[in-house]
Amino acid sequence: VLRADGHIDAAVVRAIMELRSAIAPDAARRAAQRRREPQCAALEAAAAAMADATADLALLQERALQFWRILIEAADNLAYRLAFNGLRETYDRARVLLAPVLADELGDAAAYAAIAAAVRAGQAAAAGALAAELVQRGEAAVGRALERIAGDGEEETTR
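Let me begin by describing the structure that accompanies this report. (Residues numbered from 1 in each chain as written. Predicted model: local features only at pLDDT ≥ 70, side-chain atom pairs only at ≥ 80, totals over all residues. Heavy atoms only, no water.)

### Re the packing of helix H2 (residues 37–51) against helix H7 (residues 109–121)
Alright, step 1. The geometry of H2 relative to H7 is characterised by a closest axis approach of 8 Å and an angle of 165 degrees between their N-to-C directions. Classified by the angle between their axes, H2 and H7 sit roughly antiparallel to one another. By crossing handedness, the relation of H2 to H7 is classed as left-handed. From H2, Glu-37, Cys-40, Ala-41, Leu-43, Glu-44, Ala-47, Met-50 and Ala-51 reach across to H7, where they touch Ala-109, Tyr-112, Ala-113, Ala-116, Val-119 and Arg-120.
Alright, step 2. Looking at the contact of H2 with H7 residue by residue, the classes come out as eleven nonpolar, no polar and three charged. (Axes fitted to C-alpha atoms, helices over the stretch in contact; angles between N-to-C directions. Helix = DSSP H or I, 4+ residues; strand = E, 2+ residues; numbered from the N terminus. Parallel < 35°, antiparallel > 145°, perpendicular 65-115°, else oblique. Left-handed = near helix turned anticlockwise from the far one by under 90°. Contact = heavy atoms within 4.5 Å. Nonpolar A, V, L, I, M, F, W, Y, C, P; charged D, E, K, R; others polar.)

### A closer look at the environment of Ile-8
Alright, step 1. Mapped onto the secondary structure, Ile-8 falls in the segment before helix H1 (10–34).
Alright, step 2. Sequence-wise, Ile-8 and Ala-94 are 86 residues apart; in three dimensions their C-alpha atoms are separated by 8.6 Å.

Written out as structure tokens, the structure is:
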């Protein structure tokens with residue numbers, strides 16, 4: 001995520017967000033189709049824990065990662081689990097930088113609860129749509145931040 005010169009590698013950050021936006025909706029859909037009780041309960045607990053952490057962005061970020069890990073497990077798809085592990089490893093390198101950018105997504109405890117409820121109810125299409133809306137909001141925020149960074153860099157090079 002960070003290049004050797006200490007600057008953000010925008011292509012890597014963009015790729016992480018795009019892959020996350022591709023996987024999350026289908027993982028939510030599959031979790032709803034497979035609806036296993038332990039994961040449903042764990043998803044609901046993770047969403048509730050997020051609602052209790054709204055004032056602490058770092059804690060919200062950790063709890064959101066926990067929510068997505070449980071959702072990926074509930075999808076019961078090894079390829080998604082492997083992709084999530086790789087995303088998580090890369091994301092962790094930029095976690096501090098990404099937290100404020102993703103604050104709107106991370107702080108939407110109601111959206112996480114709605115995904116968990118749709119999974120519990122076996123509403124695959126709804127679970128997928130809710131997950132898509134949530135992560136695409138984060139992807140858009142990161143895209144705007146990367147554009148600002150690129151714009152700042154262009155201004156500096158023209159001075």
